[in-house]
Amino acid sequence: MSLDEEVPFQNDGELHQKLIAEVLAAYPDKSRKRRQKHLSVAKALDTPEAEAEGLMTECDVKSNIKSIPGVMTVRGCAYAGSKGVVWGPVKDMVHISHGPVGCGQYSWSQRRNYYIGKTGVDTFVTMQFTTDFQEKDIVFGGDKKLEKTIDEIGELFPLAKGISIQSECPIGLIGDDIEAVSRKKHKETGTTIVPVRCEGFRGVSQSLGHHIANDAIRDWVFDKKDVEHEAGPYDVNVIGDYNIGGDAWSSRILLEEIGLKVVGNWSGDATLAEIEKAPKAKLNLIHCYRSMNYICRHMEEKYGMPWLEYNFFGPTQIAMGLRKIAAHFDETIQANAEKVIAKYQVLVDAIIAKYKPRLKGKTVMLYVGGLRPRHVVNAYNDLGMEIAGTGYEFAHGDDYQRTGHYVKDGTLIYDDATSFELEKFIEGIRPDLVGSGVKEKYPVQKMGIPFRQMHSWDYSGPYHGYDGFAIFARDMDLAINNPVWGLFKAPWKKAA
Amino acid sequence: MPQNADKVLDHQPLFLEPEYKEMLARKALGENLPSAEETAKVGEWTKSWDYREKNLARTALTVNPAKACQPLGAVFVAAGFEKTLSFVHGSQGCVAYYRSHLSRHFKEPSSIVSSSMTEDAAVFGGLQNMIDGLSNAYTLYNPKMIAVSTTCMAEVIGDDLQSFIRGAKEKKSVPEDFNVPYAHTPAFVGSHTTGYDNMLKGILDNFWKGKTATPGTAINIIPGFDGFAVGNNRELKRILDEMGVEYTILSDVSDQFDTPSDGEFRMFDGGTTLDATEAAINAKATLSLQEYCTQKTLEYAETFGQKTASLHYPLGIGGTDDLLTTISELSGKPIPDSLEKERGRLIDAMADSQAWLHGKTYAIYGDPDFVYGMARFILETGGEPRHCLATNGSKVWADQMRELFASSPFGAQCQAWAGKDLWHLRSILHTEPVDLLIGSSYGKYLERDCNVPLIRLTFPIFDRHHHHRFPVWGYQGGLRVLVTILDKILDVLDLKTNEPGETDYSFDLVR
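This text gives an overview of the structure that appears in the document. (Residues numbered from 1 in each chain as written. Chains lettered and ligands numbered in written order. Predicted model: local features only at pLDDT ≥ 70, side-chain atom pairs only at ≥ 80, totals over all residues. Heavy atoms only, no water.)

### Overview of the overall build of chain A
For chain A, the helix and strand inventory stands at 22 helices and 16 strands. On the principal axes, the C-alpha backbone points of chain A span a range of 75 × 60 × 45 Å. Buried residues in chain A amount to 67% of all 496 residues. Partitioning the contacts of chain A with sequence separation of at least 6, the portion at a separation of at least 24 is 73%. Entry remark: accessible area of chain A is about 17000 Å², with carbon and sulfur atoms responsible for 53%. The averaged location of the 67 negative side-chain charges in chain A is 4 Å from the averaged location of its 61 positive side-chain charges. (Helix = DSSP H or I, 4+ residues; strand = E, 2+ residues; numbered from the N terminus. Buried < 20%, exposed > 50% of the residue type's maximum accessible area, 1.4 Å probe, protein only. Contact = heavy atoms within 4.5 Å. Areas by Shrake-Rupley, 256 points an atom, 1.4 Å probe, with all protein chains shown as cover. Lys, Arg positive; Asp, Glu negative; His and termini not counted. Charge placed at Lys NZ, Arg CZ, Asp CG, Glu CD.)

### Description of the interface of chain A and chain B
If you look at the interface, chain A gives 112 residues, while chain B gives 104 residues. Interface area, chain A with chain B, both sides summed: about 9100 Å², of which 62% is carbon and sulfur. It is Met 72, Tyr 106 and Lys 446 of chain A that lose the most area in chain A upon contact with chain B, and together they represent 10% of the buried surface on that side. At the boundary of chain A with chain B, the tally comes to 10 salt bridges. (Buried area = accessible area lost by both parts, 1.4 Å probe. Salt bridge = Lys/Arg side-chain N within 4 Å of Asp/Glu carboxyl O.)

### Some thoughts on the pairing of strand E4 (residues 93-98) of chain A
Residues and elements named next belong to chain A. For E4, the tally of buried residues reaches six of six residues, placing the bulk of the element in the interior. Side chains Met 93, His 95 and Ser 97 project from E4 onto one buried face, and the interleaved Val 94, Ile 96 and His 98 project onto a second face that is buried too. Pairing of E4 with strand E5 (residues 129-130) involves two bridges; the strand directions are parallel. Bridging across to E5, Ser 97 finds its partner in Thr 130. (Pairing = 2+ DSSP bridges.)

### Description of the packing of aromatic side chains
Within the structure shown, the criterion is met by 42 aromatic pairs over all chains. Here Tyr 106 of chain A and Tyr 98 of chain B contribute two aromatic rings whose centre-to-centre distance is 5.5 Å and whose plane-to-plane angle is 85°, an arrangement assigned as edge-to-face. On the criterion of chain membership, the pair formed by Tyr 106 of chain A in helix H5 (residues 102-107) and Tyr 98 of chain B in helix H6 (residues 92-106) is interchain, its members lying in two chains. Accessibility expressed as a relative area gives 1% for Tyr 98 of chain B, which makes it buried. A network of ring pairs unites the aromatic residues Phe 313, Tyr 380, Trp 457, Tyr 463, Phe 469 and Phe 472 of chain A as a single cluster. When the ring centre of Tyr 289 of chain A is taken as reference, the NZ or CZ atom of Arg 402 of chain A above it lies at 3.9 Å. (Phe/Tyr/Trp six-rings, centres within 6.5 Å; stacked < 30°, edge-to-face > 60°. Lys NZ or Arg CZ within 6 Å of the ring centre and 35° of its normal.)

### Some remarks on unusual backbone geometry
A cis amide bond, omega -10°, links Trp 266 of chain A with the succeeding residue Ser 267 of chain A. Its place among the elements puts Ser 267 of chain A in strand E9 (residues 261-267). Here the amide bond leading from Gly 461 of chain A into Pro 462 of chain A is cis, since omega sits at 0°, within 30 degrees of zero. Note on placement: Pro 462 of chain A falls in the loop between strand E16 (451-453) and helix H21 (465-480). Residues other than glycine seldom take positive phi values, yet Ser 116 of chain B does so here, at roughly 45°. Structurally, Ser 116 of chain B can be placed in the loop between strand E3 (112-114) and helix H7 (119-124). The phi dihedral of Asn 142 of chain B falls on the positive side, at around 50°, and the residue is not glycine. By the element assignment, Asn 142 of chain B lies in the loop between helix H8 (127-141) and strand E4 (145-150).

### Some details on the packing of helix H17 (residues 368-380) of chain B against helix H21 (residues 474-496) of chain B
Residues and elements named next belong to chain B. Here H17 crosses H21 at 70°, and the two axes come no closer than 12 Å. Regarding the angle of H17 to H21, the classification is roughly perpendicular. Across the interface between the two elements, Met 374, Phe 377 and Ile 378 from H17 touch Gly 478, Val 481, Leu 482 and Ile 485 from H21. (Axes fitted to C-alpha atoms, helices over the stretch in contact; angles between N-to-C directions. Parallel < 35°, antiparallel > 145°, perpendicular 65-115°, else oblique.)

### A closer look at the sheet that holds strand E12 (residues 363-366) of chain A
Within a sheet, adjacent strands bond to each other through the backbone by hydrogen bonds, running parallel or antiparallel. All names here are of chain A. Across the sheet, which stays open at both edges, the six strands sit in the order E1-E14-E13-E12-E15-E16 with mixed pairing between neighbours. The sheet is open, and its two edges are formed by strand E1 (39-41) and E16, each paired on a single side. Taken over all neighbouring pairs, the strand axes of this sheet differ in orientation by 15° on average, direction set aside. When strand E15 (residues 433-436) meets E16, the two strands line up parallel, connected through three bridges. Considered in E16, the bridge of Gly 435 is made with Arg 452. Here helix H19 (residues 419-429) sits on the sheet and contacts E1, E12, strand E13 (386-392), strand E14 (412-415) and E15; the angle it forms with E14, its principal contact strand, is near 170°. Strands in contact with helix H20 (residues 438-446) are E15 and E16; relative to E16, the strand with the most contacts, it is inclined by about 170°.

### Observations concerning the pattern of salt bridges
Residue and element names in this part refer to chain A. For the structure shown, the criterion picks out 67 salt bridges over all chains. Notably, a salt bridge pairs Glu 152 with Lys 148, separated by 3.0 Å at the nearest N-O pair. Pair noted here: Glu 152 and Lys 148 are both in helix H7 (residues 143-156), with a separation of four residues, about one helical turn. In this structure Lys 148 comes out as partly exposed when scored by relative accessible area, which is 36%. The residue Arg 452 makes a salt bridge to Asp 475 at a minimum N-O spacing of 3.0 Å. Within this pair, whereas Arg 452 is found in strand E16, its partner Asp 475 is found in helix H21, the two being separated by 23 residues in sequence. Residues Arg 452 and Asp 475 agree in their burial class; the two are buried.

### Considering the sheet that holds strand E6 (residues 247-249) of chain B
All names here are of chain B. With respect to topology, four strands assemble into an open sheet ordered E6-E5-E7-E8, the strand pairing being parallel. Of all the strands in the sheet, just E6 and strand E8 (307-310) have a single pairing partner and so form its edges. Each strand of the sheet is rotated relative to its neighbour by a mean of 20°, with strand direction disregarded. Sheet topology note: the strand E5 (residues 219-222)/strand E7 (residues 285-288) ladder contains four bridges and is parallel. Residue pairing in the sheet places Asn 220 in a bridge with Thr 286 of E7. Where helix H12 (residues 229-243) meets the sheet, its contacts fall on E5 and E6, and the angle it forms with E6 comes to roughly 175°. Relative to E7, helix H15 (residues 316-331) is tilted by about 170°, and along the sheet it contacts E5, E7 and E8.

### Observations regarding the state of the cysteines
Tallied over the entire structure, the rule returns zero disulfides over all chains. You can see Cys 69 of chain B has no disulfide; the closest cysteine sulfur is in Cys 103 of chain A, sitting 6.7 Å from it. Classification of Cys 69 of chain B by relative accessible area gives buried; the value is 5%. In this model Cys 152 of chain B remains outside any disulfide bridge; the closest cysteine sulfur is found in Cys 169 of chain A, 5.4 Å from its own. (Disulfide = S-S within 2.5 Å.)

### Describing the environment of Gly 435 of chain A
Residue and element names in this part refer to chain A. Among the structural elements, Gly 435 can be located in strand E15. Along the sequence, Gly 435 and Gln 17 sit 418 residues apart, while their C-alpha atoms lie 21 Å from each other. Contacts of Gly 435, omitting those with residues within four sequence positions, involve Met 365, Leu 366, Tyr 367, Val 368, Arg 452 and Met 454.

Spelled out as structure tokens, the structure:
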């Protein structure tokens, strides 16, 4: 905490408790009982054990439980977690949305996973491949159509390095055997073919889709080919960075600058080869823990590769992350990390000098997915902003446990929040900024509250790394300090 | 250091800085992508007739289709009724997708709930989800009507909406007399236009079933699935008011997808009232502005003795002439001079600009009725709609297109592509190029790959803002379409002629 903050920020925990009680009162009994376990207020932990672990608070909510019908959950499905998040960005493979047309259509080019390539020729991320199921495919099964689809991809996209089959709901219900099709076609063509059982009804959110997608890498990619790779002492993989708006690039540049070699980036701007050779690296660096911890644990178990969580949002966390990563290597790397931190401090000072006076004391409510409800907290703090509430769409208990490292006493915590709850919480707290998704953006803005999409970076970014922090700070400023928020009330209404 | 606090670089210039270009070049060494030569060779081949033949011979794979699935149309049409909440029975991820899709186009909230069925519901059926879901939605969001449609999951396992809704009412999820219309909307049949039709019929059936019509003087008008509904429906109503017609718009989303920013979030705004919907049974006629969004609904309306008629997206001179004459015939009201004057003004503008439009060639894609209406207008400007493509178009639609082409000498070289996708269109544009492309935002990949300027005039438009707030229907709308096309033609010409000392001899001030 910097010296110019005389009065430390304190969240209004009492108000937050009251808001929770108010929203719960609106539910029918059965749903109230279920929802109350997902809402709470972070409680300060001042035990020596907590301090030793760097835990500030306890965020005690239940999570990763089925959403209640009819309440307007913001969550997506397993297909979204697999095709939309983990597999979709792998650029030199064709990802088939296997089933009816909609899933692939609505997720087509919607996550801004930047990549370099000749789309349609050697890379395929911003395209929508589907088997476009018709009634007869449901009635008679779709395996034959899938086989034909794979043949047609082979003919028309000969430079594709592999194919993944992203199952939509009907696949698992009509008894198709996509694994058998994959084996058969792999045998015929030698191409990597990955069947993924990410039907939308599996699990309770995107989360199981991430897990299933991770398992598919383990089962259908690892150890299937002789991988040529000359392993070096500084080889690392970046896991769980989807290169949204170029995030992985503004991270990679720092890792290279401290002397590391990034072998694979998963899965933003990734190629199949980068995934195949990943087990030969020395260390896995994981950014989005929620979506890719599974494969890190597997690589640890199977190949003895350690893994390390890091956070490249905002200068405080970036410096901590670089030091933590460097500590895994020799003194040269550690010295490089210090040099890099010092070099960028000039930029950081200039950004903070410019934006902090405009943002200091502003409050933020977050409601996002995988890692951001906690990972961006310190980036806001670096700008003098404070978090009034945060929550996850599809977190597990270990995410909330980790959140305690970031949020202060009295922070409102909401798991799988419904649109009703979010609206009431935002109305009650009236934060200076809300960071959430496109479905939340327009309702919030109509309430007169500035908003930034924190999935897609609102078509901006990157936000990772030092270069990204400058954009992050600029974006928060332009959202909060735009004159439009002052125009809402008609002058004749003010007089009334 | 590439980044700068004084002038913060966005992703677009940032990654062009030398540090990043060098980093990306290093990354490329480990990617194992094909060589630049190989990629260039295959890239050239994808532009060839050989590739086109193979591409058009596809029977299983669909690439970059220009259509969505049924429930999207269902939730769209339901949004046009007073305080109506869509409830989609099945997996919840679908609903997140419809909401995002609509919000990205309209830049507006989209409120829809799901019954959040999971694996256990796949085994035991989703009755309990319906019971709990209707109760929660009714209690929390206080709608006047809940319109139920289905995802493909619920369809595959065979959930029966009628009996489920009855079951939920027995369990007091919603009051007995509360309106819960429903429609089965399987994603593996038809497209979003089919879903529009099914849900609209379901809503009308909810109010009309078992009743007898007493024919009155009003007419019903169904706009159909239309990304420009905000501007179009308001223009339509202006025209109808100008004519003094008594009418009911069956599903009017124009206010729901255009709520003001004044500090209050309106979950529901505007829409056709439930009373008017109920009373619409007594209309003397029902007119659809998009045939392919309303086939079942019109058949249904006919069973109540209503006259019916359908148009193909009333755009341009002939399209609007048909709109006015049909309304006039059905309502008995004459077409006022004021509208005739508007017609003259559009023709005046077309005549002023005809030299820039005559002989221009186009590819047009989108929903069947939009493509028809747009192609018809292009023919009126002396343009040639060479390639007209509807992924959700049928053989009958293709025949209608051919008839349209045959009606004009400018249609001689035009082709209709029913059931084809935008990857087919890529091949078609590489082998038989055109001057301009008209469609949705998805066409930007064709604009890039085939070097053909894209004019965004149909749903979805994600990468340009607010176009849908201005009409394309009617003579006034035609003027706006005309200007949009002209601006593109002239902007492209300016860009091609702006090199001093090279091309700027034709960088004319007056065009």
